[in-house]
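What follows is each chain in one-letter form.
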Amino acid sequence: MKIVVVYGGKSAEHDISILTAFSIIKEIYFEYYDVQPVFITKEGTWLKGEPLTGPVAFADALKLEEAPEAHFATKEGEQSTGVMINPCSIKDEDTVVFPILHGPNGEDGTIQGMFEILDMPYVGCGVLASAAGMDKIASKQLFQQVGLPQVPYVPFIKTEWNEDPEAIYNRIEGTLLYPVFVKPANMGSSVGISKADNRDELMAAIEEALKYDRRIVVEQGIDAREIECGVLGNDDVNTSVVGEVVKEVGFYDYNEKYVNNTVTLQIPAEIPEEVSHKVREYAATAFKAIDGAGLTRCDFFLTESNEIYINEVNTMPGFTEFSMYPLLWAETGINYKNLVEELIQLALKRYNEKHER
Ligand SMILES: Nc1ncnc2c1ncn2[C@@H]1O[C@H](COP(=O)(O)OP(=O)(O)O)[C@@H](O)[C@H]1O
Ligand SMILES: [Mg+2]
């Protein structure tokens, strides 16, 4: 079989995607698979790399530049190259796609829709789950339907704001207490998110969020620990042990997450057994609520008095060897290599089940 690994992408998480692709390619069972790397540049160009029969030498070798021939660098400082392709040309027999893309265009159902049209098996969530998981308003409404506890929130669209900001302030201030968190509905990696402590900051936060999306959600801010649970499976859902993102900073933003590394992962989280049990149950419920497939990481807030609130589901969570999702599974008993293989098997299973009908 062949695995097409699609990575990079037009997203704030372009670089982390390359690191993840490096980790995954290193651990793919090359005894069973040929690996075809496909790099999406920051501008959105698709470049086909040299087919691989083993890991690449270093992560930066996966950054391709367009050229007539595809070749991977073997030494630091050398430039790898790839051949420009039409995305649809990845279609082939006996091929599974492994999309390693975060954020809009990669994690939001759009690329999953392309794989559906090409009729190819692909790792991870389908169109609906990806779109619903990415959209902070849609996911909250689905979680509400299945009774998952979450912080109060106020959604609105740009047109409503432009027409009558006073009405929006009243809705927010009538429902929530400062501080609040203002978020674009569709972004990820903390882009466009800010905390507001008063009306002036709220206005600035809304203007900032509107740069990224026409749909906005304002949430009740809470002082809480951040705990996360991995989900693996299709219709049969398995949950991992629970981990904590231990923060030294109040607001876990992109720089803190990926650049400054001021967070540490505590696995398993030091929380009471019944809390962990509940979190795992909620994570499975959230997975089913969005019709998840393959994997999700479900993120929660945990208050000092052990109240649990679901924050979000990520349908393509961070997946380097140092990321929460694989570390949670390692602690649960599935190592990185087997996790990658399990995800490929789940993709095939889902595809085959669909074709049996
Ligand atoms: N309602 C809230 N109360 C307190 N902190 C919050 C709240 N919402 C978000 N945060 C902080 O902001 C971070 C990013 O928000 P999140 O909704 O998880 O966005 P992203 O999709 O970018 O990960 C969270 O990890 C948390 O630290
Ligand atoms: Mg988050």
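Looking up the protein chain in an unreviewed UniProt entry gives the name D-alanine--D-alanine ligase, with the organism given as Granulicatella balaenopterae. Check the Function (unreviewed entry) section of the UniProt entry for the protein chain; it says "Cell wall formation."

**Q** So what exactly am I meant to see when it comes to the pattern of salt bridges here?
**A** Opposite charge on two side chains lets them pair, provided their charged atoms get close. Applying the stated criterion across every chain yields a total of 20 salt bridges. The partner of K75 in a salt bridge is E78, and the shortest N-O contact between them spans 3.7 Å. Looking at E78, the relative accessible area reads 33%, which means it is partly exposed. Counted as one network, the salt bridges with shared partners bring together K140, K183 and E219.

**Q** Is there a simple way to think about helix 7 (residues 199-210) in this case?
**A** An α-helical turn contains 3.6 residues, so any two residues separated by three or four positions project in the same direction. Here helix 7 contains 12 residues, and its C-alpha end-to-end distance of 16 Å stays within 8% of the 16 Å for a straight helix at 1.5 Å per residue. In the core, the buried residues of helix 7 are packed alongside strand 7 (153-157), helix 5 (158-163), helix 6 (165-175), strand 8 (180-184), strand 9 (194-196) and strand 10 (215-220). Put simply, N198 is the residue that caps the front of helix 7, since its side-chain oxygen is 3.2 Å from the backbone nitrogen of D200.

**Q** It is not clear to me how the domain arrangement of the protein chain should be interpreted in this structure. Could you clarify?
**A** Many analyses report the size of an interface as the accessible area lost when the parts associate. The domains assigned to the protein chain are domain 1 (2-122), domain 2 (134-147 + 223-356) and domain 3 (153-220). Summarising the inter-unit geometry, the C-alpha centres of domain 1 and domain 2 are found 24 Å apart. Each side of the interface is counted separately: domain 1 has 27 residues, and domain 2 has 25 residues. Roughly 2,400 Å² of surface becomes buried between domain 1 and domain 2 when both sides are summed, with 61% attributable to carbon and sulfur atoms. Together, E27, Y29 and E107 form the three largest contributors to the area buried by domain 1 at its contact with domain 2, with a combined 23%. The interface formed by domain 1 and domain 2 contains 3 salt bridges. We note a salt bridge from K26 to E321, for which the minimum N-O separation is 3.4 Å. Taken together, the elements giving at least two residues each to the side of domain 1 that touches domain 2 come down to helix 1 (14-27) and strand 6 (95-100).

**Q** Sorry if this is basic, but what is going on with the side chain of S23 here?
**A** Residue placement: S23 occurs in helix 1. Residue contacts for S23: discarding those within four places in its chain leaves F319, T320, E321 and Y336.

**Q** When you look at the pairing of strand 10 in this model, what are you seeing that I'm missing?
**A** In regular strands, side chains alternate between the two faces of the sheet. In terms of burial, strand 10 is a largely internal element, 5 of the 6 residues being buried. Relative to strand 10, strand 7 runs antiparallel, the two sharing 5 bridges. Opposite P155, over in strand 10, you have V217 as the bridge partner.

**Q** Even after reading the chapter, I still don't get the packing of helix 6 against helix 7, so can you show me in this structure?
**A** The contact between helix 6 and helix 7 brings their axes to 12 Å, and the two run at 115°. Regarding the angle of helix 6 to helix 7, the classification is roughly perpendicular. Crossing of helix 6 over helix 7 shows right-handed handedness. Between helix 6, through E166, Y169, N170, I172 and E173, and helix 7, the contact on the second element is made entirely by R199, L202, M203 and I206. When the residues that make up the contact of helix 6 with helix 7 are grouped by side-chain class, the tally is 5 nonpolar, 1 polar and 3 charged.

The rules behind the values
- Residues numbered from 1 in each chain as written.
- Chains lettered and ligands numbered in written order.
- Predicted model: local features only at pLDDT ≥ 70, side-chain atom pairs only at ≥ 80, totals over all residues.
- Heavy atoms only, no water.
- UniProt positions renumbered as here; feature names shortened; annotations may be inferred.
- Salt bridge = Lys/Arg side-chain N within 4 Å of Asp/Glu carboxyl O.
- Buried < 20%, exposed > 50% of the residue type's maximum accessible area, 1.4 Å probe, protein only.
- Helix = DSSP H or I, 4+ residues; strand = E, 2+ residues; numbered from the N terminus.
- Expected span 1.5 Å × (residues − 1).
- Contact = heavy atoms within 4.5 Å.
- Polar contact = N/O pair within 3.5 Å; in protein donor to acceptor, adjacent residues only side chain to side chain.
- Domains from an automatic or database assignment.
- Buried area = accessible area lost by both parts, 1.4 Å probe.
- Pairing = 2+ DSSP bridges.
- Axes fitted to C-alpha atoms, helices over the stretch in contact; angles between N-to-C directions.
- Parallel < 35°, antiparallel > 145°, perpendicular 65-115°, else oblique.
- Left-handed = near helix turned anticlockwise from the far one by under 90°.
- Nonpolar A, V, L, I, M, F, W, Y, C, P; charged D, E, K, R; others polar.

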